[in-house]
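Below, each chain spelled out in residue letters.
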Amino acid sequence: MADTALSVPRRSPLAGAADRLAAVTRASGGAVRLAELPFLAQVNVRLDAKGAAADAVGLALGLSLPLEPNTVVRAGELTMLWLGPDEWLVVGEPDTQRDLEHRIRAAAGDYHVSVTDVSAQRTTLLVSGARARARDLLAHGCPLDLHPRAFGPGRCAQTMLARAQVVVVARDEPGSGFWVLVRSSFAGYLTDWLLDAAADYVAEV
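The structure contained in this document is the topic of the report that follows. (Residues numbered from 1 in each chain as written. Predicted model: local features only at pLDDT ≥ 70, side-chain atom pairs only at ≥ 80, totals over all residues. Heavy atoms only, no water.)

**Quick notes on the overall build of the chain**
The number of helices and strands found in the chain is 6 helices and 10 strands. Relative to a compact globule of 205 residues, whose C-alpha radius of gyration would be 17 Å, the chain shows 18 Å and is just as compact. Viewed in the frame of its principal axes, the chain has a C-alpha envelope of about 60 × 60 × 30 Å. Counting all 205 residues of the chain, 46% fall into the buried class. Sequence-distant contacts, at least 24 apart, represent 61% of the contacts inside the chain between residues at least 6 apart. Of the roughly 10800 Å² of accessible surface on the chain, a fraction of 52% belongs to carbon and sulfur atoms. Computing the positive centroid from 20 side-chain charges and the negative centroid from 23, the chain places the two 4 Å apart. (Helix = DSSP H or I, 4+ residues; strand = E, 2+ residues; numbered from the N terminus. Rg over C-alpha atoms; globule rule 2.2 N^0.38 Å. Buried < 20%, exposed > 50% of the residue type's maximum accessible area, 1.4 Å probe, protein only. Contact = heavy atoms within 4.5 Å. Areas by Shrake-Rupley, 256 points an atom, 1.4 Å probe, with all protein chains shown as cover. Lys, Arg positive; Asp, Glu negative; His and termini not counted. Charge placed at Lys NZ, Arg CZ, Asp CG, Glu CD.)

**Notes on the sheet that holds strand β6 (residues 114-117)**
One open sheet accounts for 5 strands, arranged β3-β4-β5-β2-β6; its pairing is antiparallel. Both outer strands of the open sheet, β3 (72-75) and β6, are each paired with one neighbouring strand and no more. Direction aside, neighbouring strands of the sheet carry axes that sit 20° apart on average. Two strands pair when backbone bridges link them, and β3 and strand β4 (residues 78-84) are joined in this way by 4 bridges, in the antiparallel orientation. Along β4, the bridge assignment pairs R74 with T79. (Pairing = 2+ DSSP bridges. Axes fitted to C-alpha atoms, helices over the stretch in contact; angles between N-to-C directions.)

**Considering the sheet that holds strand β1 (residues 32-37)**
A sheet is described by the order of its strands in space; here 5 strands give the open sequence β1-β7-β10-β9-β8, paired in antiparallel fashion. On the outer flanks of this sheet lie β1 and β8 (156-161), each paired with one strand and no other. Pairwise comparison of adjacent strand axes, ignoring direction, gives a mean angle of 25° for this sheet. The pairing of strand β9 (residues 164-170) with strand β10 (residues 178-183) spans 5 bridges and is classified as antiparallel. Paired with V168 across the bridge in β10 is V180. Where helix α1 (residues 18-27) meets the sheet, its contacts fall on β1 and β7 (122-129), and the angle it forms with β1 comes to roughly 155°. Along the sheet face, helix α5 (residues 184-197) touches β1, β7, β8, β9 and β10 and points at about 135° away from the line of β10.

**Concerning helix α3 (residues 97-108)**
Under the 1.5 Å per step criterion, the end-to-end length of α3 is 16 Å for 12 residues, consistent within 8% with the ideal 16 Å. Along α3, the positions that sit buried rather than exposed are Q97, L100, E101, I104 and A108. All buried residues of α3 fall inside an arc of 100° around its axis, so they share one side. Of the exposed residues in α3, those oriented more than 90 degrees away from the buried face are R98, H102 and A106. Buried-residue contacts for α3 involve β2 (41-46), α2 (52-61), β4, β5 (87-92) and β6. (Expected span 1.5 Å × (residues − 1). Arc of directions from axis to C-beta.)

**Overview of the packing of aromatic side chains**
Any aromatic ring pair is given by two values, namely how distant the centres are and how the planes are angled relative to each other. Scanning the entire structure with this criterion turns up 1 aromatic pair. The interplanar angle of 25° and the centroid separation of 6.4 Å between the aromatic rings of F151 and F178 together place this pair among those described as stacked. One end of the pair, F151, is in the loop between α4 (133-139) and β8; the other, F178, is in strand β10, with 27 residues separating them in the sequence. An identical accessibility class is assigned to F151 and F178; each is buried. The side chain of R171 reaches across the aromatic face of W179, ending 4.0 Å from its centre. (Phe/Tyr/Trp six-rings, centres within 6.5 Å; stacked < 30°, edge-to-face > 60°. Lys NZ or Arg CZ within 6 Å of the ring centre and 35° of its normal.)

**Let's talk about the nonpolar core**
By size, the foremost hydrophobic cluster in this structure holds 30 residues, and its most contacted members are L34, L137 and L190. Contributing elements (two or more residues each) for this core: α1, β1, β7, α4, β8, β9, β10 and α5. Looking at this core, the element that brings in the most residues is α5, giving 5 residues. Formed by 20 residues, the second largest nonpolar core is a distinct cluster that contains L47, L78, W82 and L100. (Core = buried A, V, L, I, M, F, W, Y, C linked by side-chain atoms within 4.5 Å.)

In C-alpha coordinates, the structure reads:
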(Lines give C-alpha, C1' and ligand atoms only; values in the text may rest on other atoms or scores of the structure.)
Protein backbone atom coordinates (compact mmCIF):
# COMPACT_ATOMS: atom_id res chain seq x y z
CA MET A 1 0.00 0.00 0.00
CA ALA A 2 1.37 3.40 -0.97
CA ASP A 3 2.38 5.80 1.74
CA THR A 4 -0.14 8.63 1.64
CA ALA A 5 1.22 10.59 4.60
CA LEU A 6 1.62 14.27 3.84
CA SER A 7 5.09 15.72 4.08
CA VAL A 8 5.10 18.94 6.09
CA PRO A 9 7.85 21.40 5.08
CA ARG A 10 10.13 22.22 7.97
CA ARG A 11 10.02 25.82 9.15
CA SER A 12 12.63 27.48 11.28
CA PRO A 13 11.55 29.62 14.26
CA LEU A 14 12.24 32.81 12.28
CA ALA A 15 11.13 31.74 8.81
CA GLY A 16 8.39 34.36 8.91
CA ALA A 17 10.88 37.12 9.76
CA ALA A 18 13.39 36.41 6.98
CA ASP A 19 12.11 39.19 4.70
CA ARG A 20 12.16 41.78 7.49
CA LEU A 21 15.69 40.83 8.49
CA ALA A 22 16.87 41.05 4.89
CA ALA A 23 15.10 44.39 4.42
CA VAL A 24 16.97 45.97 7.34
CA THR A 25 20.25 44.63 6.00
CA ARG A 26 19.55 46.21 2.59
CA ALA A 27 18.18 49.47 3.97
CA SER A 28 21.20 50.00 6.21
CA GLY A 29 23.56 49.65 3.28
CA GLY A 30 25.40 46.88 5.09
CA ALA A 31 25.90 48.92 8.26
CA VAL A 32 24.13 46.08 10.05
CA ARG A 33 23.40 42.59 8.84
CA LEU A 34 20.74 40.48 10.52
CA ALA A 35 19.93 36.92 9.48
CA GLU A 36 18.83 33.63 10.93
CA LEU A 37 21.16 30.65 10.62
CA PRO A 38 18.50 27.96 10.84
CA PHE A 39 18.70 24.33 11.86
CA LEU A 40 22.31 24.32 13.08
CA ALA A 41 23.12 21.10 14.90
CA GLN A 42 23.52 21.73 18.62
CA VAL A 43 24.62 18.95 20.95
CA ASN A 44 25.13 19.46 24.68
CA VAL A 45 27.96 17.46 26.20
CA ARG A 46 28.73 16.97 29.89
CA LEU A 47 31.80 15.10 31.09
CA ASP A 48 34.80 15.32 33.41
CA ALA A 49 37.16 17.81 31.79
CA LYS A 50 40.11 16.14 33.49
CA GLY A 51 39.12 12.59 32.58
CA ALA A 52 40.07 10.38 29.67
CA ALA A 53 36.67 10.92 28.06
CA ALA A 54 37.55 14.56 27.31
CA ASP A 55 40.56 13.51 25.26
CA ALA A 56 38.63 10.73 23.52
CA VAL A 57 35.73 13.00 22.57
CA GLY A 58 38.05 15.76 21.40
CA LEU A 59 39.94 13.30 19.22
CA ALA A 60 36.71 12.00 17.69
CA LEU A 61 35.59 15.53 16.84
CA GLY A 62 39.00 16.69 15.67
CA LEU A 63 39.38 19.44 18.26
CA SER A 64 40.41 20.05 21.84
CA LEU A 65 37.66 20.87 24.30
CA PRO A 66 37.97 24.52 25.43
CA LEU A 67 38.92 24.49 29.10
CA GLU A 68 39.15 28.24 29.71
CA PRO A 69 35.81 29.70 30.80
CA ASN A 70 33.77 31.41 28.07
CA THR A 71 36.00 30.39 25.20
CA VAL A 72 35.37 28.76 21.83
CA VAL A 73 37.32 26.20 19.81
CA ARG A 74 36.68 25.70 16.09
CA ALA A 75 37.77 22.96 13.72
CA GLY A 76 36.35 22.73 10.21
CA GLU A 77 32.58 23.06 10.41
CA LEU A 78 32.43 22.42 14.16
CA THR A 79 32.34 25.01 16.93
CA MET A 80 32.56 24.00 20.59
CA LEU A 81 31.48 26.46 23.27
CA TRP A 82 32.50 26.31 26.93
CA LEU A 83 29.31 26.61 29.02
CA GLY A 84 30.60 25.42 32.37
CA PRO A 85 33.40 23.45 34.07
CA ASP A 86 31.88 20.18 32.84
CA GLU A 87 29.57 21.37 30.05
CA TRP A 88 30.04 22.23 26.38
CA LEU A 89 27.86 22.92 23.36
CA VAL A 90 28.93 21.48 20.02
CA VAL A 91 27.53 23.46 17.06
CA GLY A 92 27.71 21.97 13.59
CA GLU A 93 26.22 22.10 10.13
CA PRO A 94 22.44 21.63 9.82
CA ASP A 95 21.14 18.09 10.26
CA THR A 96 24.43 16.65 11.54
CA GLN A 97 23.31 16.22 15.15
CA ARG A 98 22.76 12.46 14.90
CA ASP A 99 26.23 11.96 13.48
CA LEU A 100 27.71 14.15 16.21
CA GLU A 101 25.86 12.23 18.92
CA HIS A 102 27.05 8.92 17.50
CA ARG A 103 30.67 10.06 17.29
CA ILE A 104 30.66 11.40 20.83
CA ARG A 105 28.98 8.34 22.34
CA ALA A 106 31.24 5.96 20.43
CA ALA A 107 34.33 7.86 21.58
CA ALA A 108 33.16 7.98 25.19
CA GLY A 109 32.64 4.23 25.34
CA ASP A 110 32.17 3.21 28.97
CA TYR A 111 33.14 6.62 30.34
CA HIS A 112 30.38 8.60 32.05
CA VAL A 113 29.28 11.19 29.49
CA SER A 114 25.95 12.95 28.96
CA VAL A 115 25.07 13.73 25.34
CA THR A 116 21.85 15.60 24.51
CA ASP A 117 20.58 16.86 21.18
CA VAL A 118 19.28 20.39 21.85
CA SER A 119 19.11 21.48 18.21
CA ALA A 120 15.38 22.19 18.37
CA GLN A 121 15.71 24.18 21.58
CA ARG A 122 17.42 27.20 20.03
CA THR A 123 17.92 29.01 16.78
CA THR A 124 20.85 31.22 15.84
CA LEU A 125 20.86 34.85 14.77
CA LEU A 126 23.79 36.37 12.93
CA VAL A 127 24.42 39.98 13.96
CA SER A 128 27.20 41.63 11.99
CA GLY A 129 27.97 44.86 10.20
CA ALA A 130 30.46 47.51 9.25
CA ARG A 131 33.03 48.62 11.83
CA ALA A 132 31.61 48.30 15.37
CA ARG A 133 27.93 48.47 14.42
CA ALA A 134 27.09 44.90 15.46
CA ARG A 135 28.69 45.48 18.86
CA ASP A 136 26.88 48.79 19.30
CA LEU A 137 23.57 47.20 18.35
CA LEU A 138 23.86 44.42 20.91
CA ALA A 139 25.11 46.84 23.56
CA HIS A 140 21.66 48.46 23.60
CA GLY A 141 20.33 45.45 25.50
CA CYS A 142 23.30 43.38 26.69
CA PRO A 143 25.19 43.97 29.96
CA LEU A 144 28.44 42.46 28.65
CA ASP A 145 31.40 44.58 27.61
CA LEU A 146 31.58 43.47 23.97
CA HIS A 147 34.67 45.49 23.07
CA PRO A 148 37.32 43.27 21.43
CA ARG A 149 39.66 43.90 24.35
CA ALA A 150 37.16 42.16 26.65
CA PHE A 151 35.16 39.97 24.27
CA GLY A 152 37.21 39.34 21.19
CA PRO A 153 37.09 36.51 18.65
CA GLY A 154 36.96 33.12 20.26
CA ARG A 155 34.90 34.25 23.23
CA CYS A 156 31.38 33.22 24.24
CA ALA A 157 29.08 33.89 27.16
CA GLN A 158 25.68 33.03 28.50
CA THR A 159 23.98 36.34 29.19
CA MET A 160 20.80 38.38 28.78
CA LEU A 161 19.88 40.36 25.69
CA ALA A 162 16.77 42.50 25.93
CA ARG A 163 15.68 40.32 28.88
CA ALA A 164 16.00 37.13 26.84
CA GLN A 165 18.50 34.47 27.88
CA VAL A 166 21.02 33.94 25.08
CA VAL A 167 24.48 32.64 24.29
CA VAL A 168 26.62 35.23 22.48
CA VAL A 169 29.60 34.09 20.41
CA ALA A 170 32.20 36.47 18.95
CA ARG A 171 33.08 35.18 15.49
CA ASP A 172 36.67 34.84 14.30
CA GLU A 173 36.57 36.34 10.83
CA PRO A 174 37.01 40.15 10.45
CA GLY A 175 33.64 41.86 10.34
CA SER A 176 31.79 38.61 10.96
CA GLY A 177 30.17 39.93 14.11
CA PHE A 178 28.36 37.65 16.52
CA TRP A 179 26.20 34.60 16.79
CA VAL A 180 23.27 34.98 19.16
CA LEU A 181 21.81 31.63 20.20
CA VAL A 182 18.31 32.12 21.56
CA ARG A 183 15.57 29.77 22.66
CA SER A 184 13.07 29.17 19.88
CA SER A 185 10.19 30.42 22.04
CA PHE A 186 11.95 33.81 22.47
CA ALA A 187 13.30 34.10 18.93
CA GLY A 188 10.41 36.16 17.56
CA TYR A 189 10.49 38.58 20.47
CA LEU A 190 14.25 39.05 20.24
CA THR A 191 14.08 39.55 16.47
CA ASP A 192 11.49 42.30 16.91
CA TRP A 193 13.78 43.96 19.46
CA LEU A 194 16.80 43.75 17.13
CA LEU A 195 14.83 45.17 14.21
CA ASP A 196 13.66 48.06 16.36
CA ALA A 197 17.18 48.71 17.68
CA ALA A 198 18.57 48.61 14.13
CA ALA A 199 16.19 51.34 12.96
CA ASP A 200 18.73 54.03 13.91
CA TYR A 201 21.25 52.62 11.43
CA VAL A 202 18.65 52.53 8.68
CA ALA A 203 17.79 56.17 9.40
CA GLU A 204 21.44 57.17 8.98
CA VAL A 205 21.62 55.92 5.40
